[in-house]
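Survey of secondary and tertiary structure
Spelled out, the chains give:
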Amino acid sequence: MPFIAAQPAPDPAAEAAIRNAAFWPDIDPADCREHLRIDGTVTAARLRGALIEAIAHVNDQLNAWRREQMNAGHAALDQVPADNIDGRSALCVRYVRAVYCTAAAQITERLRHFDATGKAATLHTQERIDATAEDYRREAQWALRDIRGQHRALIDLV
């Protein structure tokens, strides 16, 4: 009979919210873990580190846009006019999605060579992991472009 071990559930107390820079919403690692189905293989410290790096990256990407909004008199992202969906600003939902997906891409790449079974990853598995990281990056870029009010498609004429 095969033995199947469940990954340990992370301690929610070890996953306190990450305080963000002014203007941007705080990020909840436990919420990220739930939304992206990240199990206990990713420790609380690794998830926190990936989220902090993702926050820094997303904030950098939106820096000029944030300055425009602040110059227009909006002190925080949730004060920028946007549709409210399920009681939350669509801009806040998209910001959080950009951060979560950026962190997930980073985590996926870091765990690329991790194999709990002790067997080398097959080419098929490697391709699936690469596709997943690229999917997360695409989702993050779409969220950033949505926040800026840009089209999702990038087209260059050659």
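In this report, we go over the structure that sits alongside the text. Source: prediction; values computed, not measured. (Residues numbered from 1 in each chain as written. Predicted model: local features only at pLDDT ≥ 70, side-chain atom pairs only at ≥ 80, totals over all residues. Heavy atoms only, no water.)

**Re the nonpolar core**
With 35 residues, the main nonpolar core has Ile-27, Leu-51, Trp-65, Leu-77, Tyr-95 and Val-99 as its most contacted residues. Counting residues per element, this core draws most heavily on helix α4 (residues 90-110), which supplies 12 residues. Every residue in contact with Leu-51, bar those within four places of it in the chain, is listed here: Ile-18, Ile-27, Pro-29, Cys-32, Val-99, Tyr-100 and Ala-103. (Core = buried A, V, L, I, M, F, W, Y, C linked by side-chain atoms within 4.5 Å. Buried < 20%, exposed > 50% of the residue type's maximum accessible area, 1.4 Å probe, protein only. Helix = DSSP H or I, 4+ residues; strand = E, 2+ residues; numbered from the N terminus. Contact = heavy atoms within 4.5 Å.)

**Some remarks on empty space enclosed by the protein**
Gaps between atoms show up when a probe of the same size as a water molecule is rolled over them. For the coordinates displayed, the defined rule picks out one cavity of 30 Å³ or more. Considering only enclosed or pocket space, the largest cavity measures out at about 50 Å³ in volume. What lines the largest cavity is simply Thr-41, Val-42, Arg-46, Ile-107, Arg-110 and Leu-111. Residues belonging to the lining of the largest cavity are distributed by class as follows: three nonpolar, one polar and two charged. (1 Å grid on protein atoms, 1.4 Å probe; cavity = no way out; pocket = protein on both sides within 12 Å on 5 of 7 lines; lining within 4 Å. Points joined across faces, edges and corners; volume = space filled by probe spheres on them. Nonpolar A, V, L, I, M, F, W, Y, C, P; charged D, E, K, R; others polar.)

**Description of helix α2 (residues 44-61)**
Between the first and last C-alpha of α2 there are 25 Å, a value that for 18 residues agrees with the 26 Å anticipated at 1.5 Å per step. Of all the residues in α2, the buried ones are Leu-47, Ala-50, Leu-51, Ala-54, Ile-55, Val-58 and Asn-59. Viewed end-on, α2 has its buried residues packed into an arc of 165°, placing them on one side of the element. In this structure, α2 carries Ala-45 and Asp-60 as exposed residues pointing more than 90 degrees from its buried face. (Expected span 1.5 Å × (residues − 1). Arc of directions from axis to C-beta.)

**Some points on the pattern of salt bridges**
The full count for this structure, using the stated rule, is eight salt bridges. Arg-94 is the partner of Asp-146 in a salt bridge, and the nearest nitrogen-oxygen pair spans 3.7 Å. With a gap of 52 residues between them, Asp-146 in helix α5 (residues 123-148) and Arg-94 in helix α4 connect regions that are remote in the sequence. You can call Asp-146 buried: its relative accessible area is 15%. Here Arg-152 ties to Asp-146 by a salt bridge, and the two come within 2.7 Å at their closest N and O atoms. Within this structure, Arg-94, Arg-97, Glu-139, Asp-146 and Arg-152 form a network of salt bridges that share partners. (Salt bridge = Lys/Arg side-chain N within 4 Å of Asp/Glu carboxyl O.)

**What to know about the environment of His-57**
Here His-57 lies in helix α2. Overall, His-57 belongs to the partly exposed group, its relative accessible area being 29%. A sequence separation of 42 residues divides His-57 from Val-99, and the C-alpha atoms of the two residues are 8.3 Å apart.

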